[in-house]
Amino acid sequence: MECWKLQQKRIFYFVNAVLLWSAESYSVSVDARGELRQSEGLLRRDSQFTNRTGNGGTPLKPKALLEVWTLGGALNHSHETPESLRTAEKERHAMSTLTYVWFPMAAVMAILFEAFHLRWAEVDWSLPLDRSDGREGSEKVDSSFRGLTLRLAQRGCHLAWIYFAGAGRVKGRCYLILLVWIHLVGMYLELLTFDFQKRYWNLYQQPSLPLFFELIRNWFILHITRMITYVYEFYVEDIFLLHWRDHLTRYFEAIWVPNTYVFKMKEGGKLDNPDQRIHVDTANFVTQTYSLTFGVMKMLLNLLMYSYMLMSITPTQMHPGSLVAIAFLYSALGSMTIHLMGSKLAHFSWLGERCGGDFRSELRRVYDQCESVASFRSDEAELCRLQHRFERIKLNTWQTMLLEKRLAIVQKWYSPLREILFMCILAPFFITGVVSLGRLKQCEMALDRISDSFSFLVENYSNLSTYRAVVDRLYNFRSSCLAYLKSRKDERDGEDGSESNRKTELAIIERLAPLGIPPKWPPFWGGSSLEVLQIPPSPETDLFLDASIYLPSGDLLMEDVHIQVPRGSGVMICGEEGAGKSTILRAVAGMWPFVKRTDGRNDTQCTGGMADIFFIPQKPGLPSPMSLREAVSFPHSADHFRDEDIRDVLQRVGLEFAPGLDSKIDVNTTLSGGEFQRLMVAHCILAKPSFIFLDESMAHMSRANRLQMYKLLAELVQNGTGLLSTSHCWQELIQFHSEFYVIEVKKLEVAMTQVAK
């Protein structure tokens with residue numbers, strides 16, 4: 001027992017001596033008996049308290065610090081009262097049950113749990129989490145320290161610039177300025193709270209009833225003001241984030257929707273789940289960007305403000321910056337440890353987003369193809385596919401949990417250990433009477449704020465890892481969409497791709513800006529002169545294709561394809577199944593991205609890229625639910641055509657619907673295949689496009705109905721519409737076409753240039 005008390009005494013005086021290392025005048029002295037005493041220089045600053053001077057002695061110099069530890073063995077408890085010794089003894093036995101029973105039991109149970117719990121995990125640890133298709137160019141997450149700080153900030157700023165340079169340059173900036181002002185008011189209120197805390201705690205040492213009532217009055221005023229700023233901070237924040245998310249979503253829709261087919265063909269193997277990126281990742285980016293940005297701002301302000309305050313209230317026996325330096329070194333050590341342990345957390349977060357999106361896509365596919373599932377009796381096979389998708393989610397979640405468990409051990413030790421460290425630093429000054437209780441609480445609060453600022457990476461490492469995954473997914477998605485838009489602009493304007501990349505994005509941002517800017521807002525203050533999105537007029541020239549066509553795998557499908565579709569004429573492409581008729585049709589329409597023009601340029605576009613083309617695929621689909629009026633008018637608005645014209649054209653194609661034009665239905669399931677194709681023909685008659693492409697679009701009709709639909713389309717051809725179609729039974733459709741192309745041995749040759757009617 002005496003040995004343990006002796007060791008406690010040594011530790012206490014050694015820590016005390018180390019803290020006084022940087023003192024200008026060392027105010028600890030050792031008397032002739034070897035006891036550590038307080039000299040005249042160790043007087044508390046607060047003059048309202050009684051000064052206690054120590055006995056004279058020899059000042060403790062730096063070389064004598066080790067002597068303090070050595071002399072600790074000779075120290076006795078003569079200056080301790082019996083009551084204080086009994087209190088220390090009670091504290092020692094207060095947690096004896098926890099020390100000798102529950103703590104060992106918890107440690108043993110934790111060891112046993114770690115040894116056996118993974119056997120119950122029900123997860124396939126051998127399942128690979130990287131892309132199963134093995135394609136090159138898949139997305140990667142930079143988990144380095146630079147990738148989690150500088151590169152993350154660069155990409156995040158670029159994505160935020162899309163909003164603040166466009167639709168948010170008026171409302172967004174105003175909301176942001178208002179929020180910054182509210183945050184600064186909150187910081188000012190924290191300063192008042194910091195000063196109030198000293199007076200509040202000093203009341204316990206100098207009780208005064210009038211002072212008590214004044215403190216209570218000030219407390220109510222202070223906290224009512226804080227309540228008002230708190231409520232409106234969150235209200236304005238919600239308005240701002242919704243506006244930001246709205247227009248950032250519009251931006252991603254604008255760069256993705258016009259190119260969904262090309263994106264799926266060219267980037268679908270690398271960039272998964274674009275719907276999830278637009279819906280989920282955009283919302284996460286907005287909220288996390290705001291949270292982290294204001295977190296960094298408050299961290300810097302707290303660091304500057306509380307560092308100055310702490311240096312002004314640091315005991316004179318210490319160097320003014322010593323407490324700040326201790327907080328910095330402790331936080332730097334914690335940040336380094338957290339990053340070394342959790343560098344893979346960003347990758348696991350990215351994998352979680354991808355695996356979750358894949359699972360939802362598979363569930364949606366089963367729902368959309370429920371008829372096929374019932375027809376093929378493939379419920380067991382579908383369950384196996386779904387479970388395989390979910391197994392990847394389980395494995396990634398388990399790996400994330402294991403990593404977060406290790407991080408939690410460090411994080412849960414980090415804050416309590418910091419509190420103990422600061423208490424060991426400050427408590428001796430209070431015990432020896434150097435500082436008052438109010439000054440002690442101020443130092444603790446300032447140290448806590450400074451340490452929180454330095455520990456920003458430690459406290460927000462999981463959030464930064466998740467944010468890194470979100471930013472990478474959105475940034476890569478944006479880059480892929482802009483690359484295709486840029487190639488289209490280069491084709492139209494003849495500009496170099498590197499020069500037009502920035503112009504393409506700026507044009508999109510400026511085009512969408514009026515949607516978020518108040519009308520008639522002065523251009524000098526961020527207003528825009530653009531009001532509506534104008535669709536470029538379609539060219540009046542013929543369509544042609546002069547290129548080689550490749551498969552998505554890179555293999556050559558057809559070389560030197562030459563085909564022309566004049567306006568006011570019908571052209572048919574014939575060939576066996578799998579010969580490439582549909583691919584040629586899409587290439588002429590500018591939809592097939594894997595073409596190489598004869599002039600040597602790799603381009604996703606031909607002359608059909610900007611033409612007014614209505615393409616009817618083999619299996620068309622429309623949004624649902626929608627009325628018959630909306631379906632026959634789509635993609636135009638429901639009121640684009642007159643009711644008389646709609647009823648007349650539906651009657652001409654033989655499509656009558658009993659509930660009427662305005663009843664909401666699912667046209668994809670309510671209408672049969674033949675009825676749906678007649679609906680597409682009805683739209684062509686109403687819209688009168690420049691070109692109509694039919695990819696075996698009459699296959700679900702009888703021969704008589706097929707001939708009737710072609711007769712209706714022939715009337716449009718006589719009025720200047722170009723017709724390009726594919727079919728197996730070209731003999732019965734020969735009267736509706738003037739030119740025929742036949743695919744033989746994967747080489748496109750002209751079989752018949754003109755047929756007499």
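Small disclaimer: the values here were computed from a predicted structure and weren't measured.

A word on the overall build of the protein
When you go through the protein residue by residue, the secondary structure sums to 23 helices and 13 strands. Expressed as a percentage of the 757 residues in the protein, the buried residues total 44%. In the protein, 77% of the contacts between residues at least 6 apart in sequence involve partners at least 24 apart.

Looking at unusual backbone geometry
With an omega of 10°, the peptide bond between Phe 634 and Pro 635 qualifies as cis. On the secondary structure map, Pro 635 appears in the loop between α19 (628-633) and α20 (643-652). The phi torsion at Glu 122 lies on the positive side, around 55°, for a residue other than glycine. Inspection of the secondary structure puts Glu 122 in the loop between α4 (96-116) and α5 (150-164).

Some details on empty space enclosed by the protein
Tallied over the full model, the rule gives six cavities of 30 Å³ or more. In this structure, the largest cavity spans a volume of roughly 80 Å³. Counting residues per element, the ones that place at least two in the lining of the largest cavity are α5, α7 (209-256) and α17 (497-512). For the lining of the largest cavity, the element with the most residues is α7, which contributes three residues. Its residues assigned to classes, the lining of the largest cavity shows eight nonpolar, two polar and no charged.

Notes on the environment of Ala 687
Positionally, Ala 687 belongs in helix α22 (residues 673-687). A relative accessible area of 26% means that Ala 687 is categorised as partly exposed. A sequence separation of 52 residues divides Ala 687 from Pro 635, and the C-alpha atoms of the two residues are 10.0 Å apart.

Quick word on the packing of aromatic side chains
In this structure the tally under the stated criterion is 26 aromatic pairs. Ring geometry for Tyr 230 versus Phe 234: centroids 4.6 Å apart, planes at 55°, classification tilted. Here the residue Tyr 230 and the residue Phe 234 both occupy positions in helix α7, the gap between them amounting to four residues, near one helical turn. The exposure class of Phe 234 is partly exposed, given its relative accessible area of 35%. Here Trp 592 and Phe 594 contribute two aromatic rings whose centre-to-centre distance is 5.6 Å and whose plane-to-plane angle is 70°, an arrangement assigned as edge-to-face.

Concerning the packing of helix α6 (residues 171-202) against α7
Between α6 and α7, the shortest axis-to-axis distance is 9 Å and the interhelical angle comes to 160°. Overall, the two elements α6 and α7 adopt an arrangement that is roughly antiparallel. Every pair of crossing elements has a handedness; the one defined by α6 and α7 is left-handed. Of the residues that constitute the contact of α6 with α7, the class distribution is 17 nonpolar, seven polar and five charged.

Description of the confidence of the model for the protein
Looking at the protein, pLDDT values average 75 and 77% of them are 70 or higher. The weakest mean pLDDT in the protein belongs to helix α2 (residues 65-71) at 36; the strongest belongs to α7 at 89. Predicted confidence for residues 530-539 stays below pLDDT 50, and this span has 14 contacts to residues more than four positions away or in other chains. Counting contacts from residues 746-757, a segment whose pLDDT is below 50, to residues more than four positions away or on other chains yields 27 contacts.

Structural notes on the pairing of strand β6 (residues 570-574)
Side-chain direction in a regular strand flips from residue to residue, so the side chains alternate between the two faces of the sheet. In terms of burial, β6 is a largely internal element, five of the five residues being buried. Every second residue of β6 is oriented toward a common face, with Gly 570, Met 572 and Cys 574 on one face and Val 571 and Ile 573 on the other, all of them buried. Note: β6 against strand β11 (residues 722-726), four bridges, orientation parallel. When the bridges of β11 are listed, Gly 570 appears paired with Leu 723. For β6 and strand β12 (residues 739-744), the ladder comprises four bridges, and the chain directions are parallel.

Some details on the pairing of strand β5 (residues 556-565)
Inspection of the sheet shows strand β4 (residues 543-550) paired to β5 by seven bridges, in the antiparallel sense. If you follow Leu 543 over to β5, its bridge partner there is Val 565.

Looking at the nonpolar core
Membership of the largest hydrophobic core comes to 56 residues, with the highest contact counts inside it found for Phe 240, Trp 244, Tyr 251, Phe 252 and Phe 285. Dropping the residues within four chain positions of it, Phe 252 is found in contact with Leu 159, Ile 278, Thr 282, Leu 474, Phe 477 and Arg 478.

What about the environment of Ser 548?
With respect to the helices, strands and loops of the structure, Ser 548 is situated in strand β4. Judged by its relative accessible area of 9%, Ser 548 is buried. Taking C-alpha positions, Ser 548 is 5.7 Å from Val 595, a pair spaced 47 residues apart along the chain. Filtering out sequence-adjacent residues up to four positions away, Ser 548 remains in contact with Leu 556, Met 558, Glu 559, Asp 560, Phe 594, Val 595 and Lys 596.

Focus on the pattern of salt bridges
A complete count under the given rule lists 23 salt bridges for this structure. A salt bridge links Glu 362 to Arg 389; its shortest N-O distance comes to 3.6 Å. Here Arg 389 lies in helix α13 (residues 379-431) and Glu 362 lies in helix α11 (residues 345-368), a separation of 27 residues in the sequence. Judged by relative accessible area, Arg 389 falls into the partly exposed class, the value being 27%. Counted as one network, the salt bridges with shared partners bring together Asp 358, Glu 362, Arg 365, Glu 382, Arg 385 and Arg 389.

Focus on helix α10 (residues 322-342)
Working note: α-helix, 3.6 residues per turn, so residues spaced by three or four point in the same direction. The terminal C-alpha atoms of α10, which comprises 21 residues, lie 30 Å apart, in line with the 30 Å expected from a rise of 1.5 Å per residue. For α10, the set of buried residues is Ser 322, Leu 323, Val 324, Ala 327, Tyr 330, Ser 331, Gly 334, Ser 335, Ile 338, His 339 and Gly 342.

Regarding the side chain of Thr 400
Relative to the helices and strands, Thr 400 is located in helix α13. The class for Thr 400 is buried, based on a relative accessible area of 15%. Among residues more than four places away in sequence, those in contact with Thr 400 are Leu 345 and Phe 348.

Parameters at a glance
Residues numbered from 1 in each chain as written. Predicted model: local features only at pLDDT ≥ 70, side-chain atom pairs only at ≥ 80, totals over all residues. Heavy atoms only, no water. Helix = DSSP H or I, 4+ residues; strand = E, 2+ residues; numbered from the N terminus. Buried < 20%, exposed > 50% of the residue type's maximum accessible area, 1.4 Å probe, protein only. Contact = heavy atoms within 4.5 Å. 1 Å grid on protein atoms, 1.4 Å probe; cavity = no way out; pocket = protein on both sides within 12 Å on 5 of 7 lines; lining within 4 Å. Points joined across faces, edges and corners; volume = space filled by probe spheres on them. Nonpolar A, V, L, I, M, F, W, Y, C, P; charged D, E, K, R; others polar. Phe/Tyr/Trp six-rings, centres within 6.5 Å; stacked < 30°, edge-to-face > 60°. Axes fitted to C-alpha atoms, helices over the stretch in contact; angles between N-to-C directions. Parallel < 35°, antiparallel > 145°, perpendicular 65-115°, else oblique. Left-handed = near helix turned anticlockwise from the far one by under 90°. pLDDT = per-residue confidence, 0-100. Pairing = 2+ DSSP bridges. Core = buried A, V, L, I, M, F, W, Y, C linked by side-chain atoms within 4.5 Å. Salt bridge = Lys/Arg side-chain N within 4 Å of Asp/Glu carboxyl O. Expected span 1.5 Å × (residues − 1).

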